[in-house]
Amino acid sequence: MNQISPLAFVHPEAKLGDNNIIGPFCYIDCDTVLGDNNVLQNSVTINRGARIGNNNEIFPGASLSTKPQDLKFKGEETTCVIGDNNSIRENVTISRGTASSGSTSLGSNNLLMENMHIAHDCYVGSNVIIGNSTKLAGEVHIHDNAILSAAVLTHQFCTIGGYVMIQGGSRFSQDIPPYIIVGRFPVKYMGINLVGLRRHGFSNELIDLIHNAYRLLYSQGVIAEGIEEIKKNLQITPEIQYIIDFVESSKRGIIR
């Protein structure tokens, strides 16, 4: 049975699972789906198009599946899909998609800290941590296990690889390949994310291999030449292939 405060509004067409707690002054619009065992603290807004999974905790002031802040949006039916076991802290805003992709997507087991924003058509994977007041512009993609510190500004269409650590206050307009630390201004490659990789169980041999891949990648004047050096000189494990594929598919170019 759901526990719904008499001071909350739940649209009669909203679809709710079981064992949800909906606090006072929450607003749940039509065309929304809420799974099981979610906790909505007071003053949470769930706008139309939201598709929310199970075991999420959503803190006061959060507004999910908001109308996109995109002048090209013409009221088309789009969604905001949120997975399971996410902690969505105070005043977080997540826009729903536009005609560009149709959906904004957030995976599972993520921590979104206070006052951060995910814009329309973004894709955020799982096990991601995003710090206070960080802002993602439209159509940003973040792969699994990335960490963005506080007050990071991400340009539209950028892609952030898995297992990265981005220093607080950074701003960038190019893609960030996996396994590395970036920071300073302008944003630069600062080495591999050694602590993060060890915490995720990467062996010393694999960490050394990733380090050598970036040494070769950035030792050449042209990134494409660095990729060729990696292919010629290193064992191509799945992790190294991930780096190669990421760099070769980058549309905005990678940070240096």
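Quick note: structure is the one above.
To start, this report covers the structure provided alongside it. (Residues numbered from 1 in each chain as written. Predicted model: local features only at pLDDT ≥ 70, side-chain atom pairs only at ≥ 80, totals over all residues. Heavy atoms only, no water.)

### Description of the side chain of S126
Point 1. By the element assignment, S126 lies in the loop between β18 (123–124) and β19 (129–130).
Point 2. Among all residues touching S126, those that are not within four sequence positions of it are G107, S108, N110, D144 and N145. (Helix = DSSP H or I, 4+ residues; strand = E, 2+ residues; numbered from the N terminus. Contact = heavy atoms within 4.5 Å.)

### Things to note about the pattern of salt bridges
Point 1. Taken as a whole and assessed by the stated rule, the structure comprises seven salt bridges.
Point 2. When the shortest N-O distance is used, the salt bridge between E90 and R89 registers 3.1 Å.
Point 3. Since its relative accessible area comes to 28%, R89 is described here as partly exposed.
Point 4. Where E248 meets K231, a salt bridge forms, and the shortest distance between an N and an O atom there is 2.9 Å. Of this pair, E248 sits in helix α4 (residues 238–249) while K231 sits in helix α3 (residues 223–233), and the two are 17 residues apart along the sequence.
Point 5. Under the relative-accessibility criterion, K231 is labelled partly exposed at 37%.
Point 6. Overlapping salt bridges, with partners in common, bring together E228, K231 and E248 in one network. (Salt bridge = Lys/Arg side-chain N within 4 Å of Asp/Glu carboxyl O. Buried < 20%, exposed > 50% of the residue type's maximum accessible area, 1.4 Å probe, protein only.)

### Re the sheet that holds strand β7 (residues 39–40)
Point 1. Spatial ordering of the open sheet is given by β1-β4-β7-β10-β13-β16-β19-β22-β25-β27-β28, a layout of 11 strands whose pairing is mixed. Of all the strands in the sheet, the pair left with one neighbour each is β1 (3–4) and β28 (188–192).
Point 2. Two elements, β1 and strand β4 (residues 21–22), share two bridges in a ladder whose sense is parallel. By the bridge assignment for β4, Q3 is matched with I21.
Point 3. Where helix α2 (residues 204–219) meets the sheet, it contacts β27 (180–183) and β28, and its direction lies at approximately 150° from that of β28. (Pairing = 2+ DSSP bridges. Axes fitted to C-alpha atoms, helices over the stretch in contact; angles between N-to-C directions.)

### Points about the pairing of strand β15 (residues 103–106)
Point 1. Only one face of β15 is buried, namely the one carrying T104 and L106, since none of S103 and S105 on the opposite face is buried.
Point 2. Pairing of β15 with β18 involves two bridges; the strand directions are parallel. Across the sheet, the residue bridging to S105 is Y123, located in β18.

### Focus: the pairing of β28
Point 1. Sheet topology places β27 next to β28; three bridges connect them, and they run antiparallel. Paired with V182 across the strands is Y189, a residue of β28.
Point 2. With antiparallel pairing between neighbouring strands as the criterion, β27 and β28 make up a hairpin whose turn holds four residues, including R184 at a positive phi of roughly 65°.

### Some points on α4
Point 1. Compared with an ideal rise of 1.5 Å per residue, which puts 12 residues at 16 Å, α4 spans 16 Å between its outermost C-alpha atoms and is within 8% of the ideal.
Point 2. Three or more residues of α4 are buried, namely E239, I240, I243, I244, F246 and V247. Viewed end-on, α4 has its buried residues packed into an arc of 165°, placing them on one side of the element. Seen from the buried face of α4, the exposed residues on the opposite side, beyond 90 degrees, are P238 and S249. (Expected span 1.5 Å × (residues − 1). Arc of directions from axis to C-beta.)

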